[in-house]
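# Observations on the three-dimensional arrangement
Chain residues, written in single-letter form:
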Amino acid sequence: MLRLGVHTRPILRQPSGWRSANGNMNDPPNPRVPLPAIPVEHYKLLVNSIRDHALFMLDPHGYILSWNPGAELIKGYSAADIIGSHFSSFYPPEALAQGLPAHELEVAAATGRFEDEGWRLRKDGSRFWANVTITRMLGASGELIGFSKVTRDLSERHSQDLALRESEERFRLLVSGVKDYAIFMLDPQGIVATWNTGAENIKRYSAQEIIGSHFSRFYPPEAIARRLPETELQGAMMQGRYEDEGWRLRKDGSRFWANVIITAVRNSSGRLIGFSKITRDLTERRQHEEDLRQSEEQFRLLVEGVNDYAIMMLNEEGVVTSWNSGAQRIKGYIPQEIIGQHISHFYSSEAILANKPWEELSIARREGRVDVEGWRVRKDGTLFWAGTVITGLRDAEGHPRGFAQVTQDLTGRRHAETLADTAQRMHEFIAMLAHELRNPLAPIRNAVALMGRKGMPDATLEAMRQTIDRQSIQLTRLLDELLDVNRIARGQFSVERNPVDMREVLARAVETSRPLIDSRGHGIQIKLPDQPVAVLGDAVRLTQAIVNLLNNAAKYTPDGGNIVVTLSVRGTEVEVRVRDSGKGIAPDMLEKIFDLFVQVDPTAGDALGGLGVGLALVRRVVELHGGNIQARSEGKGRGAEFVTRLPLSIHRLQIVSDPESAPQVTIRQMRIMVVDDNKDAADTLNLLLQSMGQVVCAVYDGASALSVAQTFQPDAVLLDIGMPLMSGYEVARAFHAQDPATRPVLVAITGWGQEADKERAQAAGFRHHFVKPVSEELLRAVLTDISVRAS
């Protein structure tokens, strides 16, 4: 008896021998090669060695006769547990309800073999997916003696197959359900193989209408003419992917703007099996873009056509990226010159040193916009008063995208405002002017009357001389201020741009104001750094501004007060502080006092005087230098402080040697002719020059000057300009026509002090141009210059 597996029941042994292909058991396949007998134990070892297949035998009714280790591993039963049981124990209820075990045996008995896959049960009741093969076993006489059954656990593969099928089904449903994209497959020749709902919606063909057609059907004639379909397939095949946008056709012949992506599809061996094609209808987006483009073009034309405003775009760093005609008209640059340049190009060097361009961009970036007014620079270097709005730009997500800048030239408005303000106050100013001119004239007349008396002591004469000197200086200052007011009103008030050491400016200002300060018995402290402090500006105008501040401090401080002048450097700024211990300033006047014709203390009546233009001129000078000035006071009787801030200059200052160590120039005696139609002016200047050791001749008209000069032969001519009959310019041209060897040095001393007068005098041949009255110090400087040039 043959025993297979751990335990078996007796079965009929099959007769020995070989059944050939024609069923003859006694006809071996190769009679020349005898087959060795295989011991039964070898079959037993073979069956028991199989672990991944359940191998067992059933009797003709389905009862289990044998059980191998693989069956025990797969189904969980030991041989003792299961041999003798019916094999239907492995089937779930639904299979039993269908009569599946009996059906399998019937099919195997009738046909010789049954194979199936389905759910089976383990001993613990859990299910596994099984591949089952049942084979009929016949006896020697052909009778049915049982069945062999081979079961394999395919649960893992079944799960994978199921997951794959579910994934494929989900993908199919996904593709089929997409309505906004046409997604379909092409074969390698471009024939449409699949068609989704989106393709039907976009292109209007049903699947039955288009599958089997060539995809070139969707292309307009001009695209077909340039072989675009073939180009796209070739590009996808060579590069793996091809993307394009262009016009495509719907079923009804209408066009739509499509975004197309064609991807080559290859199998695991790399062979091309077709293409996937995704098409999206972008007609609406393209129309929106076209509308936007036209809108932007209209906006561009609008902006470029605006001539009254400079409109430009800046990037995040403040670099100009667009430039309209208004910007070109106002600032003087053509687009090619300025696009790519930073906006600091339009600021003065002082404003740049003060970091103004970057500060304004920072505010616009932080707060959304900045609205400022200030001086800006044109291409030709001239200044204009600009009203500027810088707006920070952000995209839909709020990210910074640069700036828009709009600038308006407000120079005319500023001048008009100045003129209007001046007109409103003019009636007050005329009365004030008359008062201020009478103030110095009164002591001058009194001094002259006293000096005319006989036997006047020398001390009294000296006191009167000093009085006349102070009052004439005051009159000169008043006239200078009036001229400056006129320049401001006409937009002609300007400053030069040269490296200036502010220590020297303060020293000259204190020296100029010293007589007034000393006359009031004030103490003054000056605190200056050891090193030069450079600003780029006009030394004369800056000195004038500090003198005004010092004079105010002296006037508005009771006798015996204190004045402190401090110069310091703070970062990129130069700071000048002038502090006094005087009357102070009311809070509501701290800003107003910088306006024209507004006095520091309007309640003082006639006690202190002044035209109310000094501080207005100071502010103008400071602003033209790119700086600012601020008045501070804790109230009346508690003093005042004026703080001036100017941009620190990067220019190096040339250190001049100590004037005391410089060689002194001796003024040589010269022949000097004084020409002035004002006899008093000519005669007094004549006497002053004689007292300085010069040989002087005074004449009172231009024709006499030319006549007398032929015999007097002057080395220098001090010539008035505004004379009747023959002006100083005409006299100068006549002298200038002489032989250079005998030509005298011409010096204009005149009451005409406008910039145009100076330029005209230079053109007429004058070496110097001075405005009356001329001090003794200035006369000495002129004589020194003439002596140096003559030597």
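### Re helix α5 (residues 100-111)
In this model α5 runs 16 Å from its N-terminal to its C-terminal C-alpha over 12 residues, within 8% of the 16 Å that 1.5 Å per residue would give. For α5, the complete set of buried residues consists of Leu100, Pro101, Glu104, Leu105 and Ala108. Axial view of α5: buried residues confined to an arc of 135°, hence all on one face. For α5, the exposed residues lying more than 90 degrees away from the buried face are Glu106, Ala110 and Thr111. Those residues of α5 that are buried are in contact with β1 (54-58), α4 (93-97), β2 (113-121), β3 (127-138) and β4 (144-153).

### Some points on the nonpolar core
One finds Met502, Leu550, Ile563 and Phe642 to be the most contacted residues of the largest nonpolar core, which totals 40 residues. Put simply, the parts of the chain that give this core at least two residues each are α18 (502-519), α19 (539-555), β16 (562-570), β17 (573-580), α20 (614-624), β18 (628-632) and β19 (641-647). A per-element tally of this core places α19 first, with 8 residues. Not counting the four nearest positions on each side in its chain, isoleucine 563 is found in contact with Ile517, His522, Gly523, Ile524, Gln525, Leu550, Ala553, Ala554, Val578, Arg579 and Asp580.

### Points about the environment of proline 335
Here proline 335 is to be found in helix α13 (residues 335-338). Look at proline 335 and you get partly exposed, because its relative accessible area is 27%. Measuring from C-alpha to C-alpha, the distance between proline 335 and serine 325 comes to 8.8 Å, with 10 residues separating the pair along the chain. Discounting chain neighbours no more than four positions away, the residues touching proline 335 are Trp323 and Gln328.

### What about the packing of aromatic side chains?
The geometry of an aromatic ring pair is captured by the separation of the ring centres together with the interplanar angle, meaning the angle of the planes. Going through the model one piece at a time under the given rule, you end up with 16 aromatic pairs. Each ring, one from phenylalanine 56 and one from tryptophan 67, has its centre 5.1 Å from the other, and the planes form 45°; the classification is tilted. Placement of phenylalanine 56 in strand β1 and of tryptophan 67 in the loop between β1 and α2 (69-75) is noted, with a sequence separation of 11 residues between them. Each member of the pair phenylalanine 56 and tryptophan 67 is classed as buried. Each ring, one from phenylalanine 184 and one from phenylalanine 218, has its centre 6.0 Å from the other, and the planes form 75°; the classification is edge-to-face. Of this pair, phenylalanine 184 sits in strand β5 (residues 181-186) while phenylalanine 218 sits in the loop between α8 (207-210) and α9 (221-225), placing them 34 residues apart in sequence. One residue, lysine 203, lies across the ring of phenylalanine 218, its end atom 3.7 Å from the ring centre.

### Thoughts on the environment of phenylalanine 56
Residue class for phenylalanine 56 comes out buried when judged on its relative accessible area of 2%. When the C-alpha atoms of phenylalanine 56 and threonine 151 are compared, they prove to be 8.8 Å apart, with 95 residues separating the residues in sequence.

### Quick look at the side chain of serine 213
The topology assignment puts serine 213 in the loop between α8 and α9. Serine 213 gets classed as buried once you look at its relative accessible area, which sits at 16%. A polar contact is formed between the side chain of serine 213 and the side chain of arginine 217, at a distance of 2.9 Å. Apart from residues no more than four positions distant in its own chain, serine 213 is found in contact with Gly190, Ile191 and Val192.

### Structural notes on the confidence of the model for the protein chain
For the protein chain, mean pLDDT is 81; residues scoring 70 or higher make up 78% of the total. For the stretch residues 1-29, pLDDT sits under 50, and the model shows 45 contacts to residues farther than four places along the chain or on other chains. Segment residues 655-662: pLDDT under 50, and 2 contacts once partners within four positions in sequence are set aside and those in other chains are kept.

### With respect to the pairing of strand β7 (residues 255-266)
Look at any regular strand and the pattern is simple: side chains alternate between the two faces of the sheet. When strand β6 (residues 241-249) meets β7, the two strands line up antiparallel, connected through 9 bridges. Looking across to β7, one finds that tryptophan 247 is bridged to tryptophan 257. Hairpin connection between β6 and β7: a loop of 5 residues separates the two successive antiparallel strands, and glycine 253 in this loop has a positive phi of roughly 90°. Where β7 and strand β8 (residues 272-281) come together, 9 bridges link them in antiparallel fashion.

Cut-offs and rules
- Residues numbered from 1 in each chain as written.
- Predicted model: local features only at pLDDT ≥ 70, side-chain atom pairs only at ≥ 80, totals over all residues.
- Heavy atoms only, no water.
- Helix = DSSP H or I, 4+ residues; strand = E, 2+ residues; numbered from the N terminus.
- Expected span 1.5 Å × (residues − 1).
- Buried < 20%, exposed > 50% of the residue type's maximum accessible area, 1.4 Å probe, protein only.
- Arc of directions from axis to C-beta.
- Contact = heavy atoms within 4.5 Å.
- Core = buried A, V, L, I, M, F, W, Y, C linked by side-chain atoms within 4.5 Å.
- Phe/Tyr/Trp six-rings, centres within 6.5 Å; stacked < 30°, edge-to-face > 60°.
- Lys NZ or Arg CZ within 6 Å of the ring centre and 35° of its normal.
- Polar contact = N/O pair within 3.5 Å; in protein donor to acceptor, adjacent residues only side chain to side chain.
- pLDDT = per-residue confidence, 0-100.
- Pairing = 2+ DSSP bridges.

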